[in-house]
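Here are the chains, one letter per residue:
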Amino acid sequence: RIAGAGAVDAGRAQAQALGIEAQVDWLGWIGPEDKARELAAATLLVLPSHNEGVPMAVLEAMAAGVPVVATGVGGIPLAVRDGLDGLLVPPRDAGRLAAALVRLLDDEPLRHALGTSARQRAADVFAAEPIADQLSALWAQLRAPDTPRGSGRRAGPLQEDVR
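Computed from a prediction, not measured in an experiment: that's the story for all the values here. (Residues numbered from 1 in each chain as written. Predicted model: local features only at pLDDT ≥ 70, side-chain atom pairs only at ≥ 80, totals over all residues. Heavy atoms only, no water.)

Caption draft 1: Just the overall build of the chain, in detail. Of regular secondary structure, the chain possesses 7 helices and 5 strands. For the chain, the N- to C-terminal ordering of α and β elements is β-α-β-α-β-α-β-α-β-α-α-α. Sequence-distant contacts, at least 24 apart, represent 42% of the contacts inside the chain between residues at least 6 apart. Surface summary for the chain: the accessible area is close to 9900 Å², and the carbon and sulfur share equals 55%. (Helix = DSSP H or I, 4+ residues; strand = E, 2+ residues; numbered from the N terminus. Contact = heavy atoms within 4.5 Å. Areas by Shrake-Rupley, 256 points an atom, 1.4 Å probe, with all protein chains shown as cover.)

Here's what the structure looks like:
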């Protein structure tokens, strides 16, 4: 089941070329209610991106307790800890992506453990309150006259360094 409005035509063409078009449901863009329903029914979320920030689809899946298989690009590794909240694979490595998918599909206890950890991480790190706390700490650090910029103090797990 593929949701979104990205390269749908290219995806459909590839599914047809592979002879799997009957096995793929193209949902297109879906609203919040449909998204919640899809996530509640999902076994896992796959995001094989070549370039990303911190994708909302990954954070929403994690918040729903859905384990993630994604490429370790951009900000994805800030959200998904490989082997803890999901599985990360190198971009453009279809073999490793397929192996990660098979591993999760074949291992229900692992899927459950990753999904449980993902839900907790989403609540602890990416929910509104922890994000607001991190921003407040960052703003306080930047306002403090005796704190040199670039001191390396971290405002939270998403803040690499203040410079």
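Caption draft 2: A look at the nonpolar core. Core analysis: the largest hydrophobic core is formed by 19 residues, its most contacted members being Val-58, Met-62, Val-68, Ile-76, Ala-79 and Val-80. If you list the elements that add at least two residues to this core, you get strand 3 (45-47), helix 3 (56-63), strand 4 (68-71), helix 4 (76-79) and helix 6 (108-126). Among the nonpolar cores identified, the runner-up in size contains 9 residues, and Val-69, Ala-100, Leu-110 and Leu-114 belong to it. (Core = buried A, V, L, I, M, F, W, Y, C linked by side-chain atoms within 4.5 Å. Buried < 20%, exposed > 50% of the residue type's maximum accessible area, 1.4 Å probe, protein only.)

Caption draft 3: The pattern of salt bridges, seen in detail. Inspection of every chain in the model, using the stated rule, returns 6 salt bridges. Among the salt bridges present, the one from Glu-60 reaches Lys-35, with a minimum N-O distance of 3.1 Å. In this pair, Glu-60 sits in helix 3 while Lys-35 sits in helix 2 (residues 32-41), placing the two residues 25 residues apart along the sequence. Here the residues in one salt-bridge network are Arg-1, Asp-25 and Glu-38, joined through shared partners. (Salt bridge = Lys/Arg side-chain N within 4 Å of Asp/Glu carboxyl O.)

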